[in-house]
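Here's the letter readout for the chains.
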Amino acid sequence: MNLEAKQRFSLNLDRSLRYRSHMAFADLPNEEAAVEIFQESLNRDRLAHAYLIASSSTASVESFALEIAKTLNCETPLRSSETEAGIDSCGSCVTCRQIAAYQQADVTWIRPESKSRIITIAQIRAVLETVHLKAHGAAHKIFIVVGAERMNLQASNAFLKTLEEPPAGSVILLLTTDPHRLLDTILSRCLRISLSTARRISPESDGYEWLTRLCERIQHQRRGAGTRYHILSDMLECLTERKTVIEETLSASSPLEIHDDLEPKLRDRYKQELAASIEAEYRKQRADLVGLLQWFLRDIWLQTLKANQALLQLPDLAPQTGEIASRIKPAAALKNLNIADGLQRQLNTNVQEALAIEVALLKIAL
Ligand SMILES: [Zn+2]
């Protein structure tokens, strides 16, 4: 290797090492279009006060939001050659490192409560109390709502006013994998940035555990009716568990819990509202679970076609879906998909839940 090549090599090595420990927008080559939209708004001094960042992957929206927070607060940002505006973070200054470690007090992360998967009005209220306080030293106060579609109606409404006019120097980032579930009033107040990342379901996703148990059931038992009833009872158990958590969480934040001297009429109205919001959230989560089953069956179908593995939505379950695919024909795998689609549609009507799931599971070829 000649000297020049050696220098180039060590420079590349240095760069790759540096990038591995300190990320920046420059490290998100797949998101070039989205990065450009954001940098353009900085270049033109048109930073929006609220962005909706949408992608099918939670990890992607979170890392994008992290880069925005760093870029807006970096002490030594990369500057645009035209306008001198800071358009990317250095990744290594104290502020950048604190933000990357989730330890910068001016960057607030709001997440769905782990058990109920809901962002409650209480969480939003707690944040709103801090919105008008002075920053702890960062140039911008950043509020990042992870899983913004998980704000229920009350929480969304509480958030609207702030979303419309956040205090100067604050930026709100709403992250979502499901933008169509957000209220129009929320959507219309945000500048939307869509990321390109292909959809992948990771083992951390809701319901994934249930899916792995389903695979084990199929693997370790004969594939007769007995196994299907085990799969059915696992699914119903999973749904019951979710319903309980939703009931507990939403009841705890209902005015019924907070005021015990309500007029009977008002009390009735709150009761109805509570019941309706529990039902709505439960339906959402049930649709997610059936959606996961749909992705699973889709992967089995793709595997019967010997399709490219890169197309699988559940890459970690490829051995299991491959095994099932080796036993059934593409036509049967496709029929499975139609059965699951039908189930999803039926559950949107007032069909008896357990019966609809049972009928569908008994028909699926495994
Ligand atoms: Zn920095």
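Residues numbered from 1 in each chain as written. Predicted model: local features only at pLDDT ≥ 70, side-chain atom pairs only at ≥ 80, totals over all residues.

In this section: the overall build of the protein chain. Summing up its helical and strand segments, the protein chain has 14 helices and seven strands in all. Seen through its C-alpha atoms, the protein chain measures out along the principal axes to roughly 75 × 65 × 30 Å. A buried classification covers 31% of the 366 residues belonging to the protein chain. (Helix = DSSP H or I, 4+ residues; strand = E, 2+ residues; numbered from the N terminus. Buried ≥ 20, exposed ≤ 12 C-beta atoms within 10 Å, placed from the backbone.)

Glancing now at the domain arrangement of the protein chain. Interface extent is often summarised as the accessible area lost during association of the parts. Per the domain assignment, the segments making up the protein chain are domain 1 (3-194) and domain 2 (208-363). Here domain 1 and domain 2 have C-alpha centroids that lie 32 Å from each other. On the domain 2 side, the residues contacting the 10 residues of domain 1 number seven residues. Split into classes, the residues belonging to the side of domain 1 that touches domain 2 amount to four nonpolar, three polar and three charged. (Domains from an automatic or database assignment. Contact = placed C-beta atoms within 7 Å. Nonpolar A, V, L, I, M, F, W, Y, C, P; charged D, E, K, R; others polar.)

All right, on to the environment of Q219 then. Its place among the elements puts Q219 in helix α8 (residues 208-220). Separated by 40 residues in sequence, Q219 and H259 have C-alpha atoms that sit 52 Å apart.

At a minimum axis separation of 10 Å, helix α13 (residues 330-347) and helix α14 (residues 353-363) run at an interaxial angle of 175°. Here α14 runs roughly antiparallel to α13, going by the angle between their axes. Where α13 approaches α14, its residues I339, A340, G342, L343, Q346 and L347 are matched on the opposing element by E353, A356, I357, A360 and K363. Of the residues in the contact of α13 with α14, the class split is seven nonpolar, two polar and two charged. (Axes fitted to C-alpha atoms, helices over the stretch in contact; angles between N-to-C directions. Parallel < 35°, antiparallel > 145°, perpendicular 65-115°, else oblique.)

Judged by nonpolar contacts, the single largest core of 47 residues is most densely connected at I53, A65, A69, I144, L173, L174 and L175. The element contributing the most residues to this core is helix α3 (residues 58-73), with seven residues. Residue contacts for L175: discarding those within four places in its chain leaves I53, V61, E62, A65, I144, V145, V146, G147 and A148. One finds I201, L292, L302 and L317 within the second-largest nonpolar core, a separate group that totals 26 residues. (Core = buried A, V, L, I, M, F, W, Y, C linked by C-beta atoms within 7 Å.)

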